[in-house]
Amino acid sequence: GLFVWHLKNTGIRQIPCQFVHLCRVANDRLITFQYFNFLKRMYVTQYNKDLSQRAKPKSDSVASPFRELQQLDQEKKVIHKIRPILPVHQPLNVLREVKSAAETEDFVTPVRAESKEDKQWKEMKLRLDDLPGILARLSKIKLTALVVSTASAGFAMAPVPFDLTCFLLASLGTGLASCAANSINQFFEVPFDSNMNRTKNRPLVRGQISPLLAVCFAASCGVPGIALLTLGVNPLTGALGAFNIFLYTCCYTPMKRMSIANTWVGAVVGAIPPVMGWTAATGSLDAGALLLGGILYSWQFPHFNALSWGLREDYSRGGYCMMSVTHPGLCRRVALRHCLALIGLSTMAPVLDITTWTFPVISLPINLYISYLGFRFYRDADRSSSRKLFFCSLWHLPMLLLVMFTCKKSFLEKKDKGDLLGESHGRAMEIRLP
């Protein structure tokens, strides 16, 4: 009995000490609701390991295609296995590391599940509201607008009275032919455009439209365009339009992966539209049409060579054989050579009786400026000089054609000159007659 009484007295005396010790431990361990939850998990793990949740193994049976969405939802449901918890006497920093690791695992796993769902192939649906924009990008609407503008310049420079109906028919037919050629070009270059950053967002590469729809669109533009040029304008203009489509799609497009000669063939393609405008107005292929075609031919080399210089990596990935990739020195020399050729071609315009002599004088400053930038591009061979030459070519061509149109010889002046020549020739014949 004395021994039991001694134990009770001893326990009563130690209660205050244990309470103080518990308060100290609480201050050290920061006992909160989360900490009590942590203790409960520790108890379940250590004394009842059968309650640990385990991920169910995936069944070997192949699921039906109609249950793919259900399987994706099941993959999102992540069940974590409760890890063994460190004892209570561990330091506070160790407990915090365990808690942060558990929270990190809970945060990362759903993100992985979502990324797995994002990688699934999704069918792209074509909406009618997006179709005009897609077809505009398929036909390269900006390039088509440039082609139509050069054809209009050729029509305006022809030494004949202006016919509005013929002008509209020629412009519409040329635009339709350009849309057809650009669409067929993109149809052939889908596997190569997908490797280039500049062209990887084209409609056929992204699968926004089917190849069959692209071919049908090209046919619906090309056939009416050529028929309009042939029947509405004249057969010569229609033949030039059909030849240009053939040259662009069947010669230039495959040559881009075979030889650097594709640049010269592409320059011929770009030189034909002003010739078509001239033939649409006159019905004949004169020296003035060849001069306009020569100006467009030479202008394209500084324009395209400067553009391709900044896209050498893209052309290499796409497998295109360009001067800027395989022959960089030749690329710069050709650009400078044709910049200087623009000065000579501008001087030929008054000689061929297309413009007055003020045209080569007024156009000399802009031709000298683009030649200077071509020389800088040839000497420096860097992206900065190529970029300056490219942007200069964008405003140089419309400025040159505008100056050429303002200095054009009027039709009445040529008619009066022709009448005077005819009269003088008639008088000479009368004198010779007895």
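For the chain, an unreviewed UniProt entry supplies the name Protoheme IX farnesyltransferase, mitochondrial and the organism Cariama cristata. In its Sequence similarities (unreviewed entry) section, UniProt records this for the chain: "Belongs to the UbiA prenyltransferase family." Here the chain is described in UniProt, under the heading Subcellular location (unreviewed entry), as follows: "Mitochondrion membrane".

The subject of this paragraph is the overall build of the chain. Within the chain, the secondary structure is distributed over 19 helices and zero strands. Looking at the chain residue by residue over its 434 residues, the buried ones come to 36%. Sequence separation of at least 24 residues holds for 75% of the intrachain contacts in the chain that already meet a minimum separation of 6. By element, 64% of the accessible surface of the chain is carried by carbon and sulfur atoms, the whole surface being about 26,400 Å².

With that out of the way, let us pick up the nonpolar core. Leu291, Ile295, Phe359, Leu389 and Met404 are the most contacted members of the largest nonpolar core, which totals 61 residues. For this core, the element with the most residues is helix H12 (residues 262-282), which contributes ten residues. Each of domain 1 (128-285) and domain 2 (286-411) gives at least three residues to this core. If sequence neighbours within four positions are ignored, Leu389 has contacts with Pro302, Ala306, Cys339, Ile370, Leu373, Gly374 and Phe377.

Mapped onto the present numbering, the UniProt feature "transmembrane region" (unreviewed entry) falls at residues 236-253, 260-281, 357-377 and 389-406. Helix and strand shares over residues 260-281 are 91% and 0% respectively, and the end C-alpha atoms of the span are 35 Å apart. The distance from the first to the last C-alpha atom of residues 389-406 is 25 Å, and the span holds 100% helix and 0% strand.

Moving on to unusual backbone geometry. Backbone phi values are negative for most residues with the exception of glycine, while trans is the configuration of most peptide bonds. A positive phi is found at Asp353, a non-glycine position, where the angle reads about 65°. For Asp353, the position within the fold is in the loop between helix H16 (328-351) and helix H17 (358-380). In this structure Asp353 comes out as partly exposed when scored by relative accessible area, which is 25%. Unlike most non-glycine residues, Ala381 shows phi in positive territory, near 55°. Its location among the elements puts Ala381 in the loop between H17 and helix H18 (383-406).

What follows is about the side chain of Arg332. The topology assignment puts Arg332 in helix H16. The residues contacting Arg332, other than those within four sequence positions of it, are Trp309, Phe377, Tyr378 and Ala381.

A separate point is the environment of Cys251. As for its placement among the helices and strands, Cys251 is situated in helix H11 (residues 235-255). A relative accessible area of 21% places Cys251 in the partly exposed class. A sequence separation of eleven residues divides Cys251 from Asn262, and the C-alpha atoms of the two residues are 8.0 Å apart. In this view, Cys251 contacts Phe246 and Val265; residues no more than four positions away in its chain are not counted.

Tracing the chain through its elements places Ser298 in helix H13 (residues 287-309). The class of Ser298 is buried, set by a relative accessible area of 5%. Not counting residues up to four positions away in its chain, the partners in contact with Ser298 are His338, Ala341, Leu342 and Leu345.

For Phe155, the location among the structural elements is in helix H6 (residues 141-157). For Phe155, a relative accessible area of 5% corresponds to the buried category. Phe155 sits 126 residues away from Ala281 along the chain, and the two C-alpha atoms are 5.6 Å apart.

A rise of 1.5 Å per residue sets the reference length of helix H10 (residues 211-233), with its 23 residues, at 33 Å; its end C-alpha atoms lie 32 Å apart and thus fit the reference within 8%. Considered for burial, the residues of H10 that qualify are Ala214, Phe217, Ala218, Cys221, Gly222, Gly225, Ile226, Leu229 and Val233.

Nonpolar side chains collect at one region of the surface, where Met348, Val351, Leu352 and Trp357 lie side by side and expose about 400 Å² of accessible area between them. Relative to the helices and strands, Val351 resides in helix H16.

This paragraph deals with the confidence of the model for the chain. On average, residues of the chain carry a pLDDT of 78, and 65% of them reach 70 or more. Within the model, pLDDT remains below 50 along residues 78-82, and this stretch shows nine contacts once partners closer than five positions in the same chain are excluded. Low pLDDT, under 50, characterises residues 85-95; the stretch is placed with 20 contacts to residues that sit more than four places away or in other chains.

What counts, and at which threshold
Residues numbered from 1 in each chain as written. Predicted model: local features only at pLDDT ≥ 70, side-chain atom pairs only at ≥ 80, totals over all residues. Heavy atoms only, no water. UniProt positions renumbered as here; feature names shortened; annotations may be inferred. Helix = DSSP H or I, 4+ residues; strand = E, 2+ residues; numbered from the N terminus. Buried < 20%, exposed > 50% of the residue type's maximum accessible area, 1.4 Å probe, protein only. Contact = heavy atoms within 4.5 Å. Areas by Shrake-Rupley, 256 points an atom, 1.4 Å probe, with all protein chains shown as cover. Core = buried A, V, L, I, M, F, W, Y, C linked by side-chain atoms within 4.5 Å. Domains from an automatic or database assignment. Expected span 1.5 Å × (residues − 1). Patch = residues over 30% accessible without salt bridge, like charges linked within 9 Å, V, L, I, M, F, W, Y side chains within 5 Å. Salt bridge = Lys/Arg side-chain N within 4 Å of Asp/Glu carboxyl O. pLDDT = per-residue confidence, 0-100.

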